[in-house]
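Topology and contacts: notes
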Amino acid sequence: MSQKLVVVLGATGAQGGSVVNALLKDGKYAIRGLTRDVNSAAAQALIAKGVEMVPGQPTDKDSLTKAFEGAYAVFGVTNPAMVPDAEYAQGKNLVDASKAQNVPLFVWSSLPHVAESSNGKYTGVTAFDEKANIDKYLKAVGQPAVIFKTGGFTSNLVKFGQLRRDPNDASKWHIHSAWVRGSSPTYTTYVEKDVGPSVVAAINGWEDAATRAELGKEPIPLCSYVSSGDEKAEVISKISGKSVDYIREEPTQGLNALPQLKAMYLWSDEGYLSYPTIPAPILLKLGVKFHTFEDYVKETVVPYMNAQK
């Protein structure tokens, strides 16, 4: 009996890569990954593991329709874009290609709608709002789907240099963050560890009618934990044995000074996003074992700090 096929967008990226790794570990499905360059080192490494890699990207609907042929499930994620309507167009292409191929399940990596949740106070955050508008499009066209809402990424702390040693005192470290106060709790997703297992759990549960109804009822927060900047600094200090604090910045230039990013941070800081329980009970019921910020600190942050000279 042939394996059901799962197609993964962004297979060499953070979210898609997490899904591919979880599917490989699960072992139940044939995996087809999409990437811009099938000859890249990352793509070739997946091919060596048994993943079928094909060219395709969210901006090219024809490539998506071809790639989705025969799929039981598709994991969809869009490429970041600062241009209005760009991510909505990408998401629409993914949904349309799924509909064209009668894909039974589309798993969509979405985000909250900033403008709607803030009653219009914060607008122009296209990276969030356009993904959220795809949620509505999915319902409008009747594409069966599980919608996940991710939080901020755990890996940003090191990946984007938020944690830095004090330039004048080598014994001290600071978490630098734009606009968000240290006391404000933020929803965070440990993408590399938790996105893949959550997606696979949803795919595995889709054939059961009761589980399918629960998964498809409303968007599901795919967040690993809730923690403030001050709490993160305290955890790093405790585990690393180093002095760490949190610094809120108000940048006047650079990426974080752009109006849409400033609006995004202030929206988060003011608590417009609220989930009753994190991690989501449905995912815990399906057996997903979520990781903590402490896990990340031990596995990534401490080695990173120790490597700095």
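Residues numbered from 1 in each chain as written. Predicted model: local features only at pLDDT ≥ 70, side-chain atom pairs only at ≥ 80, totals over all residues. Heavy atoms only, no water.

1. Some thoughts on the environment of N21
Along the chain, N21 falls in helix α1 (residues 14–26). The spacing of N21 and E116 is 95 residues in sequence and 35 Å in space, taken between C-alpha atoms. (Helix = DSSP H or I, 4+ residues; strand = E, 2+ residues; numbered from the N terminus.)

2. Topic: the environment of P185
Turning to its location among the elements, P185 is positioned in strand β10 (residues 185–189). Assessed through its relative accessible area of 51%, P185 is described here as exposed. Note: C-alpha distance between P185 and N133 (52 residues apart in sequence) is 25 Å. If we skip the residues at most four places from it in the chain, P185 touches V226, S227 and S228. (Buried < 20%, exposed > 50% of the residue type's maximum accessible area, 1.4 Å probe, protein only. Contact = heavy atoms within 4.5 Å.)

3. Some words on the sheet that holds strand β7 (residues 152–153)
As summarised here, the arrangement of the three strands in space is β7-β10-β12, forming an open sheet in which the pairing is mixed. Looking at the sheet topology across the chains shown, the edges are occupied by β7 and β12 (225–228). Alignment of β10 against β12, held across four bridges, turns out to be antiparallel. Residue pairing in the sheet places Y187 in a bridge with V226 of β12. (Pairing = 2+ DSSP bridges.)

4. Some points on helix α13 (residues 293–307)
End to end, α13 covers 20 Å across 15 residues, agreeing with the expected 21 Å (1.5 Å per residue, within 8%). At V301, α13 shows its largest bend, some 35°, and a proline, P303, comes one to four positions later. Considering only its buried residues, α13 is in contact with α7 (156–159), β8 (163–165), β9 (172–178), β12, α10 (229–240) and β13 (243–249). (Expected span 1.5 Å × (residues − 1). Bend = angle between axes of the 7 residues up to and from the residue.)

5. Considering the nonpolar core
Among the nonpolar cores identified, the biggest contains 58 residues, and F68, F148, I203 and L283 are the most heavily contacted of them. Looking at which element gives the most residues to this core, the answer is helix α8 (residues 191–205), with seven residues. Excluding residues within four positions of it along the chain, F68 makes contact with V7, L9, R32, L34, V74, L94, A97, S98, Q101 and V103. Formed by 19 residues, the second largest nonpolar core is a distinct cluster that contains L157, V235, Y296 and M305. (Core = buried A, V, L, I, M, F, W, Y, C linked by side-chain atoms within 4.5 Å.)

6. Side note on the packing of aromatic side chains
Here the structure, examined in full by the defined rule, presents nine aromatic pairs. Pairing Y122 with Y272 gives two aromatic rings, centres 6.2 Å apart and planes at 75°, and the pair type is edge-to-face. Of this pair, Y122 sits in the loop between α5 (114–117) and α6 (126–141) while Y272 is found in the loop between α11 (259–269) and α12 (281–285), placing the two residues 150 residues apart along the sequence. Centroid distance Y190 to Y296: 5.6 Å. Interplanar angle 85°. Geometry classified as edge-to-face. Of this pair, Y190 sits in the loop between β10 and α8 while Y296 sits in helix α13, and the two are 106 residues apart along the sequence. For Y190, a relative accessible area of 3% corresponds to the buried category. (Phe/Tyr/Trp six-rings, centres within 6.5 Å; stacked < 30°, edge-to-face > 60°.)

7. Thoughts on unusual backbone geometry
Residue P279 follows I278 across a cis peptide bond; omega there is -5°. Of note, P279 is situated in the loop between α11 and α12. The backbone phi angle of N102 is positive, close to 55°, even though this residue is not glycine. Although it is not a glycine, N119 adopts a positive phi angle of roughly 55°. Relative to the helices and strands, N119 is located in the loop between α5 and α6.

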